[in-house]
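What follows is the residue order along each chain.
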Amino acid sequence: MTVLHAKTALLPDGWARDVQITLSQGRIASVLTGVASAEASQTQRVDCLLPAMVNLHSHAFQRAMAGMTEARGAGQDSFWTWRTLMYRFLDRLTPEDVQAIAAMVMLEMAEAGYAAVAEFHYLHHAPGGVPYGDLAEMSARIAAAAAETGLGLTHLPVLYERGGCDGRALSAGQLRFGNDPDRFARLWEAAGRALAALPPDTVLGVAPHSLRAASPAGIRAAAALNPKAPIHIHVAEQLAEVTEVQAATGARPVEWLLANTELSSRWCLIHATQMEPHETEAMAKSGAVAGLCPITEANLGDGIFDGVRFQAAGGDYGVGSDSNVRISLSEELRLLEYSQRLAGKGRAMLADGARSTGRVLYETACQGGALAAGRQAGQIAVGQWADLMALDCSGPDLGASAGDMILDTFLFAGDDRMVAEVWSAGRHIVTGGRHAGREAIISRYRRAIAGLRDAL
Ligand code: ZN
């Protein structure tokens, strides 16, 4: 049993001082307040203890392209020209590369303060679309990276059936993703076997890629694989995507999902940057979690999520690092708020009457992320997985902060260097700001990308 003592901690009913927490079998076994530090011997002491967050959307392999796609090509660069480059890049990736890149990504997520990741996994087959001997070879590589880093994993094998809403065939760049619903069901089951050796907080969900790439029948079949598992889908990221879905179905993407699926808290709608007000409000009321990726959405020029309206309608949201062009929990949340300020020409846009901006952002994203990942976490409460993060408050900024101002300082004036300790379901994966495996993981990543970078 592990015992932690925090000078201050964010509990479900607010900030508390002198908090002692015991962990047992990966879960929080007790939470006591007003316990003087001196009373607890054999205890790990921290300054400020927070629930740790799930990164609810990642494509691990895209991390290896970070910094490679910022020059201008012929004509205007867009999401779609970026996607073409991404397809060329991934045509070279081997299973060993994917494992090395995923371990690097998970290391960076842990050191940024995340306890778990929902990996939206669509690179299934060998170049040309030939399945590996084990259909779930690539899922096994993601699982191996999770085992090495200790980061919690919600694995989301992706159903990718077609090149567009009109049912066109996959393009050359998409062949490695493709499955019909029958083969996908076999791949999904094999992925479940690949996760079997991971700890019990591991979750297997499912992800129809988008309304462009998955058919209505495919989406229904994917949702039925395990009716309780998380289901994630890319939705309404780009204007051209909205137009294509509208032309094919007569409805905008979120309208179509509202009318044709049973949206609930089981669903996570990734991006949702292109919504009309009636869609934003109806999605919030459906219980579906908005999966926001502000850094990637800014990098790709996707647009701005209507966060103020969504939050006012009671919507749940969390954040993800998506393309992994930059992995930073504090920056992800900061940019979410700043995008609202720039669009709405105001300040403290997501704060509420009782809580500061930083606290609303942090608490909402912790709980929304856990919900989206199907993970019993998101609060420091008995029975939850011990997903915990401690901030080092010895510096001049956090040292002078208390209560909500700690989170405001971390998110708006600080960065991930303030993250001192991270536990994922009780696994102590970051100590003194560093993951124990970092040297080995970084050198393996360096070797993996050395050859790949010639591809672009
Ligand atoms: Zn994505």
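Fair warning: this is a prediction, and the values are worked out from it, not measured in the lab.

The rules behind each value
- Residues numbered from 1 in each chain as written.
- Predicted model: local features only at pLDDT ≥ 70, side-chain atom pairs only at ≥ 80, totals over all residues.
- Heavy atoms only, no water.
- Pairing = 2+ DSSP bridges.
- Helix = DSSP H or I, 4+ residues; strand = E, 2+ residues; numbered from the N terminus.
- Domains from an automatic or database assignment.
- Contact = heavy atoms within 4.5 Å.
- Buried area = accessible area lost by both parts, 1.4 Å probe.
- Salt bridge = Lys/Arg side-chain N within 4 Å of Asp/Glu carboxyl O.
- Polar contact = N/O pair within 3.5 Å; in protein donor to acceptor, adjacent residues only side chain to side chain.
- Nonpolar A, V, L, I, M, F, W, Y, C, P; charged D, E, K, R; others polar.
- 1 Å grid on protein atoms, 1.4 Å probe; cavity = no way out; pocket = protein on both sides within 12 Å on 5 of 7 lines; lining within 4 Å.
- Points joined across faces, edges and corners; volume = space filled by probe spheres on them.
- Buried < 20%, exposed > 50% of the residue type's maximum accessible area, 1.4 Å probe, protein only.
- Right-handed = clockwise from strand over helix to strand, strands pointing away.
- Donors = N, O, S within 2.8 Å, 3.2 Å for Na, K, Ca; no water.
- Tetrahedral: all angles 85-135°; square planar, octahedral: opposite > 155°, others 65-115°.

Caption draft 1: Local environment of the sheet that holds strand β4 (residues 44–51). Strands sit in the order β3-β2-β1-β4-β14-β15-β16-β17 across an open sheet of 8 strands; the sheet is mixed. With one partner strand each, in any of the chains shown, β3 (27–32) and β17 (434–435) form the two edges of the open sheet. Bridge count between strand β14 (residues 388–391) and strand β15 (residues 419–424): 4 bridges; the pairing is antiparallel. Across the sheet, the residue bridging to Ala-390 is Glu-421, located in β15.

Caption draft 2: Region of interest: the domain arrangement of the protein. Along its sequence, the protein is organised into domain 1 (2–50 + 380–440) and domain 2 (53–373). In this complex, domain 1 contributes 29 residues to the contact, which on the side of domain 2 involves 33 residues. Taking both partners together, domain 1 and domain 2 bury about 2400 Å²; carbon and sulfur atoms supply 58% of that area. Among the residues of domain 1 in contact with domain 2, Leu-411, Phe-412 and Asp-416 are the three that bury the most area, contributing 27% of the side total. Counting every contact that joins domain 1 to domain 2 gives 3 salt bridges. The salt bridge involving Asp-404 is made with Arg-359; its shortest N-O contact spans 3.1 Å. Our count for the contact surface shared by domain 1 and domain 2 stands at 15 residue pairs in polar contact (both at pLDDT 80 or more). Looking at the side of domain 1 that touches domain 2, the elements that each hand over two or more residues are β1 (2–11), β2 (14–24), α14 (404–413), β15, β16 (427–431) and β17. Counting residues per element, the side of domain 1 that touches domain 2 draws most heavily on α14, which supplies 6 residues. Of the residues assigned to the side of domain 1 that touches domain 2, the class counts are 16 nonpolar, 5 polar and 8 charged.

Caption draft 3: Layout of the layout of surface pockets. Roughly 370 Å³ of volume is contained in the largest pocket. For the lining of the largest pocket, the secondary structure elements donating two or more residues are α2 (95–112) and α15 (438–452). Here the lining of the largest pocket is built from residues that sort into 7 nonpolar, 2 polar and 8 charged. Each of two domains, domain 1 (2–50 + 380–440) and domain 2 (53–373), supplies a minimum of three residues to the lining of the largest pocket.

Caption draft 4: Focus on the pairing of strand β12 (residues 289–292). Here β12 shows a buried face lined by Val-289 and Gly-291 and a second buried face lined by Ala-290 and Leu-292. Of the strand pairs in this sheet, strand β11 (residues 267–271) and β12 are connected by 3 bridges, and their pairing is parallel. From the neighbouring strand, Ile-270 faces β12, where its bridge partner is Gly-291. Following the backbone out of β11, through helix α8 (residues 277–286) and into the adjacent parallel β12, one traces a crossover that is right-handed. The sheet contact formed by β12 and strand β13 (residues 317–319) spans 3 bridges and is parallel. Bridging across to β13, Gly-291 finds its partner in Gly-318.

Caption draft 5: Region of interest: the coordination of the zinc ion. Here the zinc ion is held by the protein donor atoms His-57 (NE2), His-59 (NE2), His-234 (NE2) and Asp-322 (OD), which lie 2.1 to 2.5 Å from it. Around the zinc ion sit 4 donor atoms; with metal-centred angles ranging over 85 to 174°, the donor geometry is irregular.

Caption draft 6: Inspection of empty space enclosed by the protein at higher detail. Tallying each qualifying case throughout the model produces 4 cavities of 30 Å³ or more. Empty space within the largest cavity amounts to approximately 180 Å³. Together, 18 residues line the largest cavity, and Phe-79, Met-86, Tyr-122, His-209 and His-234 are the ones closest to its centre. Its residues assigned to classes, the lining of the largest cavity shows 8 nonpolar, 6 polar and 4 charged. The space that makes up the second largest cavity amounts to roughly 60 Å³. Here the lining of the second largest cavity is built from residues that sort into 4 nonpolar, 4 polar and 1 charged.

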